[in-house]
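Single-letter residue listing:
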Amino acid sequence: MIRTCLKLFFLSVVLHASFSVHAQDETDIYAQIGTDDARQFVEDYLRPFYNGIGFGFTSGWYNTAATHDQWGFDFTVSANLVFVPSEDLAFQFRNSDYEKIQVVSADEARLSTVFGSQVKEERPELRITDDDGQELIRLTSPPGAVNLKEEISVNALPLPMYQLGFGLIRHTDIKVRVLPKINFEGGSVYMLGFGLQHDLAQWFRLLDAQDISIAFLGAFNNLTARFDLEDDEDPRTAGDKGVFNINGTNLQLIASKEYVNFLTIFGGFGYSRAGSRTQLLGAYPIDERFTQLPEDPLDLRYGNSSMNLSVGLRIKLVFLTFGVSHTFQKYQVSTATLGISVR
Amino acid sequence: MNISQVLLPLLVGLLFTMGCGDQASRFDFSKVIAFEFTRNPQATSYDTLANLDVVNFDDLKAYKKYGEGYRVNQLMYEIVVMEENVADLGAISGTVSISGQEQDLFEISELSISSEGGVLTVSNEMLIALSEEIDRVGVLSVSIHSEADETPASFNFILKLDVTVSVNFDIL
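The rules behind these values
Residues numbered from 1 in each chain as written. Chains lettered and ligands numbered in written order. Predicted model: local features only at pLDDT ≥ 70, side-chain atom pairs only at ≥ 80, totals over all residues. Heavy atoms only, no water. Helix = DSSP H or I, 4+ residues; strand = E, 2+ residues; numbered from the N terminus. Buried < 20%, exposed > 50% of the residue type's maximum accessible area, 1.4 Å probe, protein only. Polar contact = N/O pair within 3.5 Å; in protein donor to acceptor, adjacent residues only side chain to side chain. Core = buried A, V, L, I, M, F, W, Y, C linked by side-chain atoms within 4.5 Å. Contact = heavy atoms within 4.5 Å. Pairing = 2+ DSSP bridges. Axes fitted to C-alpha atoms, helices over the stretch in contact; angles between N-to-C directions.

Novice: Would you mind going over unusual backbone geometry in detail, with residue names and values included?
Specialist: For the bond from Thr151 of chain B to Pro152 of chain B, the omega torsion is -5 degrees, close enough to zero to count as cis. The residue Pro152 of chain B is located in the loop between strand E7 (139-148) and strand E8 (155-168) in this model. Even without a glycine there, the phi angle at His171 of chain A is positive, about 50 degrees. In this fold, His171 of chain A is placed in the loop between strand E7 (156-167) and strand E8 (172-184). Take His171 of chain A: its relative accessible area is 31%, and that puts it in the partly exposed class.

Written out as C-alpha coordinates, the structure reads:
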(Lines give C-alpha, C1' and ligand atoms only; values in the text may rest on other atoms or scores of the structure.)
Protein backbone atom coordinates (compact mmCIF):
# COMPACT_ATOMS: atom_id res chain seq x y z
CA MET A 1 0.00 0.00 0.00
CA ILE A 2 2.78 2.40 0.94
CA ARG A 3 4.55 1.53 -2.24
CA THR A 4 1.42 2.18 -4.25
CA CYS A 5 0.93 5.53 -2.56
CA LEU A 6 4.50 6.51 -3.24
CA LYS A 7 4.07 5.57 -6.86
CA LEU A 8 0.94 7.61 -7.07
CA PHE A 9 2.48 10.55 -5.30
CA PHE A 10 5.53 10.58 -7.47
CA LEU A 11 3.60 10.14 -10.66
CA SER A 12 1.05 12.72 -9.62
CA VAL A 13 3.70 15.26 -8.88
CA VAL A 14 4.94 14.98 -12.41
CA LEU A 15 1.37 15.12 -13.63
CA HIS A 16 1.59 11.97 -15.62
CA ALA A 17 -0.27 10.07 -13.02
CA SER A 18 -2.68 7.41 -13.85
CA PHE A 19 -4.02 4.77 -11.56
CA SER A 20 -2.85 2.29 -14.10
CA VAL A 21 0.09 3.67 -15.91
CA HIS A 22 1.02 0.15 -16.92
CA ALA A 23 -2.43 -1.17 -17.59
CA GLN A 24 -3.26 -2.32 -21.07
CA ASP A 25 -6.82 -1.08 -21.02
CA GLU A 26 -5.78 2.47 -20.26
CA THR A 27 -3.46 4.70 -22.11
CA ASP A 28 -1.32 7.57 -21.07
CA ILE A 29 -2.05 11.16 -21.71
CA TYR A 30 1.16 11.27 -23.68
CA ALA A 31 -0.40 9.07 -26.29
CA GLN A 32 -3.21 11.50 -26.81
CA ILE A 33 -1.65 14.89 -26.58
CA GLY A 34 1.87 14.09 -27.62
CA THR A 35 5.06 13.95 -25.68
CA ASP A 36 6.14 17.49 -26.45
CA ASP A 37 2.84 19.08 -25.45
CA ALA A 38 2.65 17.05 -22.27
CA ARG A 39 6.20 17.84 -21.29
CA GLN A 40 5.80 21.56 -21.88
CA PHE A 41 2.52 21.71 -19.98
CA VAL A 42 3.94 19.77 -17.05
CA GLU A 43 7.05 21.92 -16.95
CA ASP A 44 5.07 25.12 -16.77
CA TYR A 45 2.53 23.67 -14.34
CA LEU A 46 5.14 22.44 -11.87
CA ARG A 47 7.69 25.26 -12.20
CA PRO A 48 6.70 27.08 -8.95
CA PHE A 49 6.92 23.83 -7.02
CA TYR A 50 10.46 23.13 -8.15
CA ASN A 51 11.45 26.80 -7.84
CA GLY A 52 10.09 26.84 -4.31
CA ILE A 53 11.99 23.73 -3.35
CA GLY A 54 15.12 25.17 -4.92
CA PHE A 55 14.97 28.49 -3.11
CA GLY A 56 14.11 26.75 0.16
CA PHE A 57 16.85 24.20 -0.31
CA THR A 58 19.50 26.93 -0.45
CA SER A 59 18.20 28.80 2.60
CA GLY A 60 18.89 28.61 6.31
CA TRP A 61 22.62 27.98 6.17
CA TYR A 62 23.51 30.61 8.78
CA ASN A 63 22.11 32.70 11.62
CA THR A 64 25.26 34.59 12.56
CA ALA A 65 28.50 35.56 10.94
CA ALA A 66 30.39 34.57 14.06
CA THR A 67 32.11 31.25 13.78
CA HIS A 68 32.67 28.71 16.51
CA ASP A 69 35.79 28.44 18.55
CA GLN A 70 37.83 25.43 17.67
CA TRP A 71 35.84 22.25 18.42
CA GLY A 72 32.73 24.27 19.10
CA PHE A 73 29.62 22.99 17.40
CA ASP A 74 25.98 23.59 16.77
CA PHE A 75 22.96 21.65 15.68
CA THR A 76 20.24 23.73 14.08
CA VAL A 77 16.82 22.85 12.78
CA SER A 78 15.22 25.36 10.47
CA ALA A 79 11.75 25.83 9.12
CA ASN A 80 11.67 27.72 5.84
CA LEU A 81 8.63 29.30 4.31
CA VAL A 82 9.19 29.91 0.62
CA PHE A 83 6.76 32.52 -0.67
CA VAL A 84 5.44 31.81 -4.13
CA PRO A 85 5.12 35.08 -6.09
CA SER A 86 1.58 35.83 -7.11
CA GLU A 87 2.55 35.92 -10.79
CA ASP A 88 3.69 32.29 -10.50
CA LEU A 89 0.30 31.06 -9.34
CA ALA A 90 -0.55 30.92 -13.03
CA PHE A 91 1.43 30.53 -16.22
CA GLN A 92 0.91 31.99 -19.66
CA PHE A 93 -0.39 29.33 -22.02
CA ARG A 94 -0.05 30.21 -25.70
CA ASN A 95 -1.83 28.10 -28.30
CA SER A 96 1.03 28.68 -30.71
CA ASP A 97 3.36 26.76 -28.38
CA TYR A 98 1.24 23.63 -28.44
CA GLU A 99 0.08 21.22 -31.08
CA LYS A 100 -2.78 19.27 -29.56
CA ILE A 101 -3.83 21.34 -26.58
CA GLN A 102 -5.46 24.69 -27.16
CA VAL A 103 -7.27 27.25 -25.08
CA VAL A 104 -10.80 27.43 -26.44
CA SER A 105 -11.73 31.05 -25.83
CA ALA A 106 -8.60 32.89 -26.97
CA ASP A 107 -5.14 32.48 -28.41
CA GLU A 108 -3.60 32.51 -24.96
CA ALA A 109 -4.65 32.46 -21.33
CA ARG A 110 -3.36 32.26 -17.79
CA LEU A 111 -3.69 28.72 -16.47
CA SER A 112 -3.24 27.54 -12.91
CA THR A 113 0.10 26.22 -11.84
CA VAL A 114 0.44 23.61 -9.12
CA PHE A 115 -0.28 26.31 -6.50
CA GLY A 116 -2.81 28.19 -8.61
CA SER A 117 -6.53 28.69 -8.47
CA GLN A 118 -8.75 25.69 -7.94
CA VAL A 119 -11.98 27.54 -8.68
CA LYS A 120 -13.57 26.08 -11.77
CA GLU A 121 -14.78 29.42 -13.05
CA GLU A 122 -11.20 30.72 -13.03
CA ARG A 123 -9.83 27.83 -15.03
CA PRO A 124 -10.11 28.33 -18.80
CA GLU A 125 -11.44 25.56 -20.99
CA LEU A 126 -8.96 23.56 -23.05
CA ARG A 127 -9.52 21.69 -26.28
CA ILE A 128 -7.62 18.49 -26.97
CA THR A 129 -7.37 17.39 -30.57
CA ASP A 130 -6.17 14.26 -32.34
CA ASP A 131 -3.48 13.94 -35.01
CA ASP A 132 -5.91 15.26 -37.64
CA GLY A 133 -6.87 18.30 -35.64
CA GLN A 134 -10.28 16.87 -34.78
CA GLU A 135 -11.59 17.75 -31.37
CA LEU A 136 -11.50 14.86 -28.91
CA ILE A 137 -12.76 16.69 -25.88
CA ARG A 138 -12.93 20.05 -24.19
CA LEU A 139 -12.28 20.22 -20.50
CA THR A 140 -11.69 22.63 -17.68
CA SER A 141 -7.99 23.22 -17.32
CA PRO A 142 -6.30 21.51 -14.35
CA PRO A 143 -6.64 23.12 -10.94
CA GLY A 144 -3.83 23.98 -8.63
CA ALA A 145 -2.96 20.77 -6.86
CA VAL A 146 -2.31 22.38 -3.50
CA ASN A 147 -4.13 25.38 -2.12
CA LEU A 148 -1.38 26.76 0.10
CA LYS A 149 -3.44 29.69 1.27
CA GLU A 150 -6.15 27.36 2.51
CA GLU A 151 -3.74 24.85 4.03
CA ILE A 152 -1.35 27.22 5.79
CA SER A 153 -3.00 30.62 5.31
CA VAL A 154 -0.26 31.93 3.05
CA ASN A 155 0.98 31.17 -0.45
CA ALA A 156 4.20 29.70 0.77
CA LEU A 157 5.83 26.32 0.62
CA PRO A 158 7.07 25.01 3.99
CA LEU A 159 10.42 23.23 3.90
CA PRO A 160 12.27 21.92 6.95
CA MET A 161 16.02 21.52 7.08
CA TYR A 162 18.67 20.70 9.66
CA GLN A 163 22.41 20.97 9.83
CA LEU A 164 25.45 20.46 12.00
CA GLY A 165 28.26 22.99 12.36
CA PHE A 166 31.76 22.38 13.70
CA GLY A 167 34.45 24.88 14.51
CA LEU A 168 37.73 24.08 12.85
CA ILE A 169 40.93 26.09 12.87
CA ARG A 170 41.26 29.82 12.20
CA HIS A 171 37.59 30.55 12.89
CA THR A 172 36.39 28.41 10.08
CA ASP A 173 33.26 26.34 10.49
CA ILE A 174 32.31 23.34 8.49
CA LYS A 175 28.57 22.85 8.11
CA VAL A 176 27.06 19.53 7.23
CA ARG A 177 23.60 18.58 6.08
CA VAL A 178 23.36 14.85 5.91
CA LEU A 179 20.62 12.30 5.67
CA PRO A 180 22.06 8.81 5.47
CA LYS A 181 20.48 6.75 2.76
CA ILE A 182 17.12 5.53 3.97
CA ASN A 183 15.59 2.62 2.15
CA PHE A 184 11.86 2.32 2.43
CA GLU A 185 9.38 0.10 0.69
CA GLY A 186 9.57 1.11 -2.91
CA GLY A 187 12.34 3.65 -2.76
CA SER A 188 15.16 5.43 -1.04
CA VAL A 189 16.25 8.95 -0.17
CA TYR A 190 19.51 10.53 0.91
CA MET A 191 20.98 13.98 1.27
CA LEU A 192 24.47 15.33 1.62
CA GLY A 193 25.57 18.94 1.91
CA PHE A 194 28.68 20.80 2.97
CA GLY A 195 29.38 24.41 3.77
CA LEU A 196 32.41 26.36 4.88
CA GLN A 197 32.04 29.59 6.82
CA HIS A 198 35.19 31.61 7.42
CA ASP A 199 35.43 34.62 9.73
CA LEU A 200 36.93 37.46 7.73
CA ALA A 201 36.81 40.04 10.53
CA GLN A 202 39.76 38.41 12.22
CA TRP A 203 41.87 39.73 9.38
CA PHE A 204 40.63 43.32 9.78
CA ARG A 205 41.62 44.92 13.07
CA LEU A 206 39.01 47.70 12.87
CA LEU A 207 36.10 45.30 12.48
CA ASP A 208 37.42 43.11 15.20
CA ALA A 209 37.61 46.08 17.52
CA GLN A 210 34.00 47.01 16.79
CA ASP A 211 32.99 43.45 17.61
CA ILE A 212 31.49 43.03 14.17
CA SER A 213 31.71 39.63 12.59
CA ILE A 214 32.13 39.34 8.88
CA ALA A 215 32.20 35.94 7.25
CA PHE A 216 32.15 34.29 3.90
CA LEU A 217 29.99 31.23 3.40
CA GLY A 218 30.16 28.78 0.54
CA ALA A 219 27.79 25.83 0.64
CA PHE A 220 26.53 23.03 -1.58
CA ASN A 221 23.99 20.32 -0.94
CA ASN A 222 22.29 17.54 -2.83
CA LEU A 223 19.25 15.39 -2.26
CA THR A 224 18.30 12.33 -4.26
CA ALA A 225 15.12 10.30 -3.96
CA ARG A 226 14.32 7.15 -5.93
CA PHE A 227 10.98 5.45 -6.30
CA ASP A 228 10.45 1.95 -7.60
CA LEU A 229 7.80 2.04 -10.33
CA GLU A 230 7.90 -1.57 -11.43
CA ASP A 231 4.66 -3.36 -12.04
CA ASP A 232 5.03 -6.81 -10.55
CA GLU A 233 2.58 -8.22 -13.07
CA ASP A 234 4.38 -6.88 -16.13
CA PRO A 235 7.96 -8.02 -16.67
CA ARG A 236 8.48 -5.33 -19.30
CA THR A 237 8.51 -2.78 -16.52
CA ALA A 238 11.41 -4.38 -14.67
CA GLY A 239 13.72 -1.66 -13.44
CA ASP A 240 11.23 1.17 -13.89
CA LYS A 241 11.85 3.94 -11.41
CA GLY A 242 11.39 7.61 -10.74
CA VAL A 243 14.37 9.69 -9.70
CA PHE A 244 14.26 13.13 -8.15
CA ASN A 245 17.52 14.98 -7.67
CA ILE A 246 18.10 18.52 -6.46
CA ASN A 247 21.26 20.41 -5.66
CA GLY A 248 21.86 23.90 -4.40
CA THR A 249 24.81 26.23 -4.18
CA ASN A 250 25.06 29.24 -1.93
CA LEU A 251 27.72 31.96 -1.76
CA GLN A 252 27.20 34.59 0.93
CA LEU A 253 28.96 37.48 2.60
CA ILE A 254 27.57 37.71 6.12
CA ALA A 255 27.83 40.36 8.81
CA SER A 256 26.58 40.18 12.37
CA LYS A 257 26.91 41.99 15.64
CA GLU A 258 26.06 40.74 19.07
CA TYR A 259 24.23 42.97 21.52
CA VAL A 260 23.74 42.49 25.26
CA ASN A 261 25.43 39.15 25.09
CA PHE A 262 22.48 37.18 23.79
CA LEU A 263 21.00 39.08 20.86
CA THR A 264 22.66 38.89 17.47
CA ILE A 265 21.57 40.87 14.47
CA PHE A 266 22.83 39.56 11.17
CA GLY A 267 22.56 40.19 7.48
CA GLY A 268 23.88 38.58 4.35
CA PHE A 269 24.28 39.32 0.70
CA GLY A 270 25.07 36.83 -1.98
CA TYR A 271 24.05 34.46 -4.70
CA SER A 272 22.28 31.15 -4.70
CA ARG A 273 21.49 28.64 -7.36
CA ALA A 274 19.41 25.49 -7.36
CA GLY A 275 18.89 22.88 -10.03
CA SER A 276 16.64 19.87 -10.05
CA ARG A 277 15.96 16.93 -12.27
CA THR A 278 12.98 14.58 -12.25
CA GLN A 279 13.10 11.46 -14.36
CA LEU A 280 10.88 8.54 -15.16
CA LEU A 281 13.26 5.79 -16.19
CA GLY A 282 12.38 2.57 -17.93
CA ALA A 283 9.62 1.32 -20.18
CA TYR A 284 5.98 2.20 -19.60
CA PRO A 285 3.91 0.07 -21.99
CA ILE A 286 0.52 1.44 -22.90
CA ASP A 287 -2.39 0.26 -25.01
CA GLU A 288 -0.98 -1.24 -28.20
CA ARG A 289 -3.34 0.83 -30.34
CA PHE A 290 -1.34 3.91 -29.49
CA THR A 291 2.19 4.96 -30.18
CA GLN A 292 4.27 3.62 -27.34
CA LEU A 293 5.97 6.01 -25.00
CA PRO A 294 9.68 6.42 -25.55
CA GLU A 295 12.08 4.69 -23.20
CA ASP A 296 12.70 6.91 -20.16
CA PRO A 297 9.68 9.03 -21.06
CA LEU A 298 10.14 11.94 -18.70
CA ASP A 299 13.08 14.16 -17.92
CA LEU A 300 12.20 17.47 -16.30
CA ARG A 301 14.98 19.90 -15.49
CA TYR A 302 14.58 23.13 -13.63
CA GLY A 303 17.13 25.69 -12.58
CA ASN A 304 16.89 28.99 -10.80
CA SER A 305 19.45 31.40 -9.50
CA SER A 306 19.19 34.70 -7.72
CA MET A 307 21.11 37.40 -5.94
CA ASN A 308 19.69 37.76 -2.48
CA LEU A 309 19.75 39.81 0.66
CA SER A 310 19.01 38.40 4.09
CA VAL A 311 18.37 40.01 7.46
CA GLY A 312 17.66 38.34 10.76
CA LEU A 313 18.23 38.09 14.45
CA ARG A 314 19.23 35.34 16.77
CA ILE A 315 18.77 34.93 20.49
CA LYS A 316 21.12 32.71 22.40
CA LEU A 317 20.23 31.54 25.89
CA VAL A 318 23.15 29.57 27.24
CA PHE A 319 23.32 26.79 24.65
CA LEU A 320 19.93 27.28 23.08
CA THR A 321 19.51 29.43 20.00
CA PHE A 322 16.39 30.83 18.40
CA GLY A 323 16.51 32.77 15.20
CA VAL A 324 14.36 34.34 12.54
CA SER A 325 15.41 35.75 9.21
CA HIS A 326 14.04 36.80 5.90
CA THR A 327 15.66 36.56 2.50
CA PHE A 328 14.71 38.95 -0.27
CA GLN A 329 14.83 37.35 -3.71
CA LYS A 330 12.40 36.24 -6.38
CA TYR A 331 10.94 33.59 -4.08
CA GLN A 332 11.36 35.25 -0.70
CA VAL A 333 12.08 32.96 2.21
CA SER A 334 11.29 33.39 5.88
CA THR A 335 13.27 31.15 8.15
CA ALA A 336 12.88 30.24 11.82
CA THR A 337 15.64 28.29 13.51
CA LEU A 338 16.00 26.40 16.74
CA GLY A 339 19.24 24.87 17.86
CA ILE A 340 21.96 24.31 20.34
CA SER A 341 25.31 26.01 20.01
CA VAL A 342 28.37 25.28 22.09
CA ARG A 343 31.41 27.55 22.05
CA MET B 1 -10.26 4.05 -25.77
CA ASN B 2 -10.76 7.75 -25.67
CA ILE B 3 -9.40 10.78 -23.95
CA SER B 4 -12.07 10.87 -21.28
CA GLN B 5 -11.16 7.40 -20.14
CA VAL B 6 -7.60 8.56 -19.84
CA LEU B 7 -8.26 11.79 -18.06
CA LEU B 8 -10.66 10.38 -15.53
CA PRO B 9 -8.18 8.14 -13.70
CA LEU B 10 -5.50 10.74 -14.26
CA LEU B 11 -7.44 13.43 -12.52
CA VAL B 12 -8.81 11.20 -9.82
CA GLY B 13 -5.30 10.03 -9.09
CA LEU B 14 -4.03 13.54 -8.97
CA LEU B 15 -6.76 14.77 -6.71
CA PHE B 16 -6.72 11.86 -4.31
CA THR B 17 -2.98 11.87 -3.88
CA MET B 18 -2.60 15.60 -3.52
CA GLY B 19 -5.60 16.01 -1.26
CA CYS B 20 -7.19 18.83 -3.19
CA GLY B 21 -10.05 20.93 -1.99
CA ASP B 22 -13.62 20.83 -3.10
CA GLN B 23 -13.19 23.38 -5.87
CA ALA B 24 -10.33 21.47 -7.44
CA SER B 25 -12.49 18.43 -7.88
CA ARG B 26 -14.87 20.25 -10.20
CA PHE B 27 -14.47 20.01 -13.95
CA ASP B 28 -16.52 20.45 -17.07
CA PHE B 29 -15.98 17.89 -19.79
CA SER B 30 -17.48 18.65 -23.17
CA LYS B 31 -17.83 16.24 -26.01
CA VAL B 32 -19.67 16.03 -29.29
CA ILE B 33 -21.62 12.80 -29.31
CA ALA B 34 -23.30 11.48 -32.43
CA PHE B 35 -26.38 9.34 -33.01
CA GLU B 36 -27.12 7.90 -36.43
CA PHE B 37 -30.69 7.58 -37.73
CA THR B 38 -31.11 5.15 -40.61
CA ARG B 39 -34.05 5.22 -42.98
CA ASN B 40 -35.73 2.96 -45.48
CA PRO B 41 -34.27 3.98 -48.85
CA GLN B 42 -37.39 2.93 -50.71
CA ALA B 43 -39.60 5.38 -48.85
CA THR B 44 -39.78 9.04 -49.74
CA SER B 45 -41.21 9.77 -46.32
CA TYR B 46 -39.84 8.02 -43.29
CA ASP B 47 -39.93 8.32 -39.50
CA THR B 48 -37.29 7.02 -37.14
CA LEU B 49 -37.68 7.01 -33.41
CA ALA B 50 -34.72 6.53 -31.11
CA ASN B 51 -33.91 6.86 -27.46
CA LEU B 52 -30.60 8.67 -27.20
CA ASP B 53 -28.93 7.35 -24.07
CA VAL B 54 -26.78 10.40 -23.51
CA VAL B 55 -25.43 9.65 -20.03
CA ASN B 56 -24.38 6.14 -21.04
CA PHE B 57 -22.87 7.16 -24.32
CA ASP B 58 -19.38 5.67 -24.67
CA ASP B 59 -17.47 8.89 -24.29
CA LEU B 60 -19.55 10.23 -21.41
CA LYS B 61 -20.47 7.24 -19.28
CA ALA B 62 -17.12 7.37 -17.47
CA TYR B 63 -18.35 10.56 -15.81
CA LYS B 64 -21.79 9.27 -14.95
CA LYS B 65 -21.13 8.55 -11.29
CA TYR B 66 -19.41 11.92 -10.81
CA GLY B 67 -21.85 13.90 -12.94
CA GLU B 68 -23.71 16.76 -11.30
CA GLY B 69 -25.40 18.09 -14.38
CA TYR B 70 -25.59 17.99 -18.14
CA ARG B 71 -25.78 20.90 -20.54
CA VAL B 72 -26.52 20.72 -24.25
CA ASN B 73 -24.57 23.50 -25.93
CA GLN B 74 -25.40 22.98 -29.55
CA LEU B 75 -27.01 20.60 -32.01
CA MET B 76 -25.40 19.72 -35.31
CA TYR B 77 -26.10 17.27 -38.05
CA GLU B 78 -24.36 15.31 -40.76
CA ILE B 79 -25.75 13.55 -43.80
CA VAL B 80 -24.10 10.32 -44.86
CA VAL B 81 -25.01 9.52 -48.46
CA MET B 82 -24.70 5.99 -49.83
CA GLU B 83 -23.70 5.12 -53.39
CA GLU B 84 -27.13 3.98 -54.53
CA ASN B 85 -28.80 7.20 -53.48
CA VAL B 86 -30.52 9.18 -56.23
CA ALA B 87 -32.40 11.73 -54.13
CA ASP B 88 -31.19 15.33 -54.37
CA LEU B 89 -33.54 17.27 -52.20
CA GLY B 90 -35.45 16.58 -49.10
CA ALA B 91 -36.49 17.84 -45.73
CA ILE B 92 -35.77 16.71 -42.24
CA SER B 93 -37.38 17.61 -38.99
CA GLY B 94 -37.04 16.33 -35.49
CA THR B 95 -39.17 16.22 -32.41
CA VAL B 96 -38.23 15.37 -28.88
CA SER B 97 -40.20 14.22 -25.90
CA ILE B 98 -39.75 16.56 -22.95
CA SER B 99 -41.48 15.43 -19.79
CA GLY B 100 -43.72 13.28 -21.91
CA GLN B 101 -44.72 16.13 -24.21
CA GLU B 102 -43.72 16.02 -27.86
CA GLN B 103 -41.97 19.22 -28.90
CA ASP B 104 -40.40 20.45 -32.12
CA LEU B 105 -36.65 20.15 -32.01
CA PHE B 106 -35.52 21.43 -35.39
CA GLU B 107 -36.51 21.65 -39.01
CA ILE B 108 -34.55 21.74 -42.25
CA SER B 109 -37.16 22.45 -44.87
CA GLU B 110 -34.85 22.46 -47.89
CA LEU B 111 -32.16 19.89 -47.47
CA SER B 112 -29.55 19.27 -50.10
CA ILE B 113 -28.93 15.60 -49.59
CA SER B 114 -25.41 15.91 -50.86
CA SER B 115 -24.59 18.42 -48.15
CA GLU B 116 -22.28 17.22 -45.43
CA GLY B 117 -23.94 18.86 -42.48
CA GLY B 118 -24.09 21.93 -40.33
CA VAL B 119 -25.41 23.50 -37.19
CA LEU B 120 -29.06 23.13 -36.34
CA THR B 121 -31.00 26.19 -35.28
CA VAL B 122 -32.35 25.48 -31.84
CA SER B 123 -33.65 28.01 -29.35
CA ASN B 124 -31.97 28.55 -26.01
CA GLU B 125 -35.15 27.48 -24.30
CA MET B 126 -35.03 24.17 -26.12
CA LEU B 127 -31.35 23.67 -25.23
CA ILE B 128 -32.24 24.22 -21.59
CA ALA B 129 -35.17 21.84 -21.85
CA LEU B 130 -32.94 19.19 -23.41
CA SER B 131 -30.39 19.65 -20.65
CA GLU B 132 -33.04 19.30 -17.97
CA GLU B 133 -34.45 16.22 -19.64
CA ILE B 134 -31.00 14.59 -19.64
CA ASP B 135 -30.54 15.54 -16.01
CA ARG B 136 -33.91 14.04 -15.22
CA VAL B 137 -33.96 10.79 -17.18
CA GLY B 138 -30.58 10.59 -18.93
CA VAL B 139 -32.24 9.75 -22.22
CA LEU B 140 -33.67 11.86 -25.03
CA SER B 141 -36.50 10.34 -27.00
CA VAL B 142 -36.09 11.79 -30.48
CA SER B 143 -38.10 11.22 -33.60
CA ILE B 144 -36.67 12.13 -36.99
CA HIS B 145 -38.93 12.62 -39.98
CA SER B 146 -37.25 12.70 -43.38
CA GLU B 147 -38.56 13.43 -46.83
CA ALA B 148 -36.84 12.78 -50.15
CA ASP B 149 -37.72 13.76 -53.70
CA GLU B 150 -36.85 10.37 -55.18
CA THR B 151 -36.08 6.81 -54.28
CA PRO B 152 -33.85 5.11 -53.50
CA ALA B 153 -33.15 7.75 -50.89
CA SER B 154 -30.16 6.10 -49.32
CA PHE B 155 -28.86 8.47 -46.77
CA ASN B 156 -28.56 8.47 -43.02
CA PHE B 157 -29.00 11.37 -40.71
CA ILE B 158 -26.53 11.85 -37.87
CA LEU B 159 -27.64 14.04 -35.00
CA LYS B 160 -24.74 15.48 -33.03
CA LEU B 161 -25.03 16.89 -29.56
CA ASP B 162 -22.34 19.07 -28.05
CA VAL B 163 -22.78 18.11 -24.41
CA THR B 164 -21.04 19.35 -21.31
CA VAL B 165 -21.07 17.26 -18.19
CA SER B 166 -20.20 19.00 -14.95
CA VAL B 167 -18.43 16.59 -12.66
CA ASN B 168 -17.38 16.66 -9.07
CA PHE B 169 -14.87 13.97 -8.25
CA ASP B 170 -15.43 14.69 -4.58
CA ILE B 171 -18.98 13.39 -4.47
CA LEU B 172 -18.06 9.75 -3.92
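Novice: How would you summarise the side chain of Thr278 of chain A if you had to cite specific residues and measurements?
Specialist: Structurally, Thr278 of chain A can be placed in strand E12 (residues 263-281). A polar side-chain atom of Thr278 of chain A sits 2.7 Å from a polar atom in the side chain of Tyr50 of chain A.

Novice: Help me get a handle on the nonpolar core, residues and values and all.
Specialist: Membership of the largest hydrophobic core comes to 93 residues, with the highest contact counts inside it found for Val54, Leu75, Leu130, Leu159 and Leu161 of chain B. Of the residues forming this core, the biggest block, nine residues, is contributed by helix H3 (residues 35-57) of chain A. Ignoring sequence-local partners within four residues, the contact set of Val54 of chain B consists of Ile33, Phe35, Leu60, Ile134, Gly138, Leu140, Leu161 and Val163 of chain B. Trp61, Leu217, Ala219 and Ile254 of chain A belong to the second-largest nonpolar core, a separate cluster that totals eight residues.

Novice: Can you tell me about the environment of Tyr77 of chain B, naming the residues and giving the values?
Specialist: Residue and element names in this part refer to chain B. Mapping Tyr77 onto the fold places it in strand E3 (residues 67-81). Spatially, the C-alpha atom of Tyr77 lies 33 Å from that of Ser25, the residues being 52 residues apart in sequence. With residues up to four places along the chain from it excluded, the contact list for Tyr77 reads Ile108, Leu111, Ser115, Glu116, Gly117, Gly118, Val119, Leu120, Phe157 and Ile158.

Novice: Outline the sheet that holds strand E6 (residues 117-119) of chain B, supporting the account with residue identities and numerical values.
Specialist: Strand order in the open sheet formed by seven strands is E3(A)-E5(A)-E6(A)-E1(B)-E8(B)-E3(B)-E6(B), and the pairing between neighbours is antiparallel. Only two strands of the sheet have a single neighbouring strand rather than two, namely strand E3 (101-103) of chain A together with E6 of chain B. Strand after strand, the sheet turns through a mean of 25 degrees between neighbouring axes, direction not considered. Both E3 of chain B and E8 of chain B contribute to a ladder of 13 bridges, which runs antiparallel. By the bridge assignment, Arg71 of chain B is partnered in E8 of chain B with Thr164 of chain B.

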